Each structure stands twice: as C-alpha cells, then as structure tokens.
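Analysis of the macromolecular model
Residue strings, one per chain:
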Amino acid sequence: MKMRLGLLYGGKSAEHKVSLQTALAVTKALDFNKFDIFPVYITVEGQWIAGKQLTGPAQSVEELKLLGGNGEDSMSLTAGMFAPAVSEESTKSFDVIFPLLHGPNGEDGTVQGMLELLNLPYVGNGVLASSAGMDKVIMKNIFAQAGVPQVDYVWFTRKEWQKDAEQAYAKVEEKLGYPCFVKPANLGSSVGISKCTSKEELDKAFAEAFQFDRKIIVEEGVTAREIEVGVLGNDDPQCSVAGEIVPMDVDFYDYKAKYEDGTTGLVIPAEIPEAKYEELKELAIKCYQALDCSGLVRADFFLTADGKLLMNEVNTMPGFTPFSMFPLLWQHTGVEYPQLIEKLVNLAIERHEEKQQIKHSF
Ligand SMILES: Nc1ncnc2c1ncn2[C@@H]1O[C@H](COP(=O)(O)OP(=O)(O)OP(=O)(O)O)[C@@H](O)[C@H]1O
Ligand SMILES: C[C@@H](N)C(=O)O
Ligand SMILES: [Mg+2]
Ligand SMILES: [Mg+2]
C-alpha cells in the first residue's frame, strides 16, 4: 500500500522562496513507488492551494506554484478551511504531512498545532520545540538554563525601541560592544540580519530587523569557524558527521551567500579534532533534549580560535535545497536523500502512534 503524503510548502514567511527550493528538492528525491504525493502550496499572502496528485518530481518552483493554482483539481483554501477539506475526496486522509516550511507561520508551531488538532501525523518537531526553536530569545534562554555555552545577547521589542532608541543602543554598547549581530527574533536564512560596528550601523540594523518582527535579538559578534551537525530521531537522537561553512569574500553567511552568489563552500566532514566532534555531538543532543525536539534539527555552532564551542542556534526545519547542509551531512553519514525522507516519515508515524496511547479521560 502506498502512503499518502501531503507536502506543505511556500508559506506566509520571508523564507517562502527557500521553502519552494526545499520542496522542489524533496519531490525529486521522493520514491513515487512508495508514496502518493499531494502538494499543498501556501502563498506568501497565506492562501492555501491544494493541488492534484503529483505524477512525478516537479521540475521547477513555478510548476510547484502553478500546480495548485492552475491545476484543474486544485482547491483554494484558507488555513481554517484546510481542516474540513482533508475529509473531502481530493485531499482525503493523508497518512502523513511533511511541512516543508521555514520561518514564521510554518516552522514556528502554528501549522504543527493545526495538524495536532486534525490528529494527522506530521514530519518534524512538535508545537513546543517548533515555537521555542523559532524564537531565538526563548531558544537561547532555554539553552542557557541547560548550561550550554553561547554568546552574550540582549533583546528588544519594537515598542521599547520606538520609545527610546538611544537607551536601547546604550544597552547594546554597554553589554556587548562591537561588532554585534542584530537579528529578527523569529526568522531564518539570515533574512533581516546585520553585522554592526558602530552606532550608525546599529540604527539601520534595528530598523531593518524590526521590519520582520516585533522583537529582535542583538548578539555579541564572534570571530569563529561555523560548524553544523544534523540530528535525527525521537527519543534516541543521533548526530550526523559535522560540516563546516566557509564563506568566501563575505563578511558573514548572509542570504546572498547562502542562496544567490554561491560564495560559500561546505566542507564535509569538518576538519576538527575527534574530541571536539564528540563535544559538539554532546552539546547538540543536550540542546535537542532541552527543547524536546522530535524528528530532526540542524544545530549551528561557532568554534573559536581557542577551541571553544558556542551554540548559535538550532533550525527545526532546516533547508533541504540542493546546496543545503542537512541532507549533505546525512549523505556523508551514509543516509542518502530518499532514505532520509523515509526515516523522517517513519519518525513522524512513530511519534504519532505514541501520542495515540495517551489517555484523555479516566
Ligand atoms: N553572534 C554572531 N557572531 C558572529 N557571526 C554571527 C553571529 N550570529 C550570526 N552570525 C553570522 O550570521 C549567520 C546567520 O546567523 P543565524 O544562523 O543565527 O541566522 P538564521 O537566519 O537563523 O540562519 P539559518 O536559519 O539559515 O541558519 C551565521 O551563519 C553567521 O555567519
Ligand atoms: C532554511 C534555513 N532557515 C535553514 O536553517 O537552512
Ligand atoms: Mg536559523
Ligand atoms: Mg544558522
């Protein structure tokens, strides 16, 4: 029996385009002999478009967008209408949903909450890990409590900044100094992130980051190597080999370097001492368990010149584009892309079945 797999992609998020690239790569890797695949495209305005069943891998993101919109069997929905629609013929009874969504309104627990209420198995992290992992302030607070080493950070709301910007900048200068990194609290793919070396740059960076969120985080800037590791599993998470990001001729690993200019090299496995790799795995698992993760994360670390590992962040639905670290890390660990997707689906079913055992009355 083939499994009916619903793919959610796009999303009302500044990482919309990255999600489309991720979805494209996943349709290419899926085994159509094992899965019946149903695309659900979420426009950047938040409209849900359920397309007809895929008969083969999508060839382009345009095709992925049009599949629903122009497909004869497509259904245009809002998120609220998705629930009744899953019981209708065209989208009937998904066996599992793969939310290939990055950023707000998809990677942040919102979609996961809807899927919980629909009692549908879904790939990846649950409501709590998704929302806590999306918010860099909450995430760092949880990691701090678990004793995980990190850079120093402060955070601000838009209201606070509008009330007294000078006070906000003074706090950054007093607690962190320069260089520092200004980031929207809830986003990814480096969207809205700036490196600052002066108050003038800070002023611009706050304005930029506040376009994407009502809350921002400012971090002490470190000069360090960037080492990442993939984690897979539910109660017994396992780590992949580590990989290093080597930005070439760029100040930091920004959106352009990640997706547009090809100015980043990935070194897999990362050339780090065995003992450092062991330490990194231990920290990654500690973070995974502190956030109560399930399915997967990609854990991003800094490694300073004096050998200190600092946790930067986890991504609860990391990119799966052809240049993305997560699938490449697993490939180098011996798990090919199609196998990785099957593992994720199996973990989703395992977690779902576990939840079915919970009593709701006594
Ligand atoms: N505190 C810091 N010190 C030095 N460099 C930093 C710091 N924070 C971020 N960077 C640089 O900015 C990049 C993006 O930061 P971060 O990973 O936090 O953002 P993101 O938007 O969540 O990215 P993604 O989800 O795509 O990994 C890092 O990979 C690194 O190059
Ligand atoms: C998609 C992007 N946030 C990543 O972590 O790869
Ligand atoms: Mg991130
Ligand atoms: Mg990162």
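As a starting point, this report considers the structure included with it. (Residues numbered from 1 in each chain as written. Chains lettered and ligands numbered in written order. Predicted model: local features only at pLDDT ≥ 70, side-chain atom pairs only at ≥ 80, totals over all residues. Heavy atoms only, no water.)

**Details of the nonpolar core**
Inside soluble globular proteins, nonpolar side chains tend to come together where they are buried. In this structure, Leu5, Leu7, Val26, Leu30, Phe98 and Phe320 are the most contacted members of the largest nonpolar core, which totals 38 residues. Residue assignment for this core shows that the elements contributing at least two residues are strand 1 (3–10), helix 1 (16–29), strand 2 (35–42), helix 2 (61–70), strand 5 (96–99), helix 12 (325–333) and helix 13 (337–356). Broken down by element, the residue count for this core peaks at 8 residues, all from helix 13. Residue contacts for Phe98: discarding those within four places in its chain leaves Leu5, Gly6, Leu7, Leu8, Val26, Val123, Met317, Ile341 and Leu344. (Core = buried A, V, L, I, M, F, W, Y, C linked by side-chain atoms within 4.5 Å. Buried < 20%, exposed > 50% of the residue type's maximum accessible area, 1.4 Å probe, protein only. Helix = DSSP H or I, 4+ residues; strand = E, 2+ residues; numbered from the N terminus. Contact = heavy atoms within 4.5 Å.)

**Overview of the environment of Val40**
In this fold, Val40 is placed in strand 2. A residue is classified by how much of its surface remains accessible, and Val40, at 1% relative accessible area, is buried. Setting aside chain neighbours within four positions, we find Val40 in contact with Leu7, Leu8, Tyr9, Trp48, Ile49, Ala50 and Phe82.

**What to know about the layout of surface pockets**
In this model, the second largest pocket occupies a volume close to 310 Å³. Sort the elements by how many residues they give to the lining of the second largest pocket and helix 13 lands first, with 7 residues. In terms of residue class, the lining of the second largest pocket is made up of 11 nonpolar, 10 polar and 4 charged. (1 Å grid on protein atoms, 1.4 Å probe; cavity = no way out; pocket = protein on both sides within 12 Å on 5 of 7 lines; lining within 4 Å. Points joined across faces, edges and corners; volume = space filled by probe spheres on them. Nonpolar A, V, L, I, M, F, W, Y, C, P; charged D, E, K, R; others polar.)

**Topic: the coordination of the magnesium ion (ligand 4)**
At this site the magnesium ion (ligand 4) is bound by Asp300 (OD) and Glu313 (OE), with donor distances of 2.1 to 2.2 Å. The metal-metal distance between the magnesium ion (ligand 4) and the magnesium ion (ligand 3) comes to 4.0 Å, with Glu313 coordinating both. Placement of the pair is Asp300 in strand 13 (residues 295–304) and Glu313 in strand 14 (residues 309–315), with a sequence separation of 13 residues. (Donors = N, O, S within 2.8 Å, 3.2 Å for Na, K, Ca; no water.)

**What to know about the site of ligand 1**
The local shell around ligand 1 holds 22 residues, among which Lys136, Lys183, Ser190, Glu226 and Lys258 are the closest. Here an oxygen atom of ligand 1 and a backbone polar atom of Ser190 are 2.7 Å apart. With respect to ligand 1, the side chain of Asn312 contributes an N or O atom lying 3.2 Å from an oxygen atom. The protein chains hide 96% of the 620 Å² of surface that ligand 1 would expose on its own. Residues that form the shell around ligand 1 fall into these classes: 7 nonpolar, 6 polar and 9 charged. (Near = heavy atom within 4 Å. Polar contact = N/O pair within 3.5 Å; in protein donor to acceptor, adjacent residues only side chain to side chain. Areas by Shrake-Rupley, 256 points an atom, 1.4 Å probe, with all protein chains shown as cover.)

**So, the pairing of strand 1**
By the criterion of burial, strand 1 is predominantly enclosed, with 6 of the 8 residues buried. Relative to strand 2, strand 1 runs parallel, the two sharing 8 bridges. By the bridge assignment for strand 2, Tyr9 is matched with Tyr41. In terms of handedness, the path from strand 1 via helix 1 over to strand 2 forms a crossover that is right-handed. Sheet topology places strand 1 next to strand 5; 4 bridges connect them, and they run parallel. (Pairing = 2+ DSSP bridges. Right-handed = clockwise from strand over helix to strand, strands pointing away.)

**What about the sheet that holds strand 13?**
If you walk across this open sheet you meet the 5 strands as 12-11-10-13-14, and the pairing is antiparallel. Two strands bound the open sheet, and with one partner strand each, they are strand 12 (264–267) and strand 14. Averaged over all neighbouring strand pairs, the angle between strand axes comes to 30°, with direction disregarded. Pairing between strand 10 (residues 224–233) and strand 13: 10 bridges, direction antiparallel. Note that in strand 13 the partner of Arg225 across the bridge is Leu303. Here helix 13 sits on the sheet and contacts strand 10 and strand 13; the angle it forms with strand 10, its principal contact strand, is near 55°. (Axes fitted to C-alpha atoms, helices over the stretch in contact; angles between N-to-C directions.)

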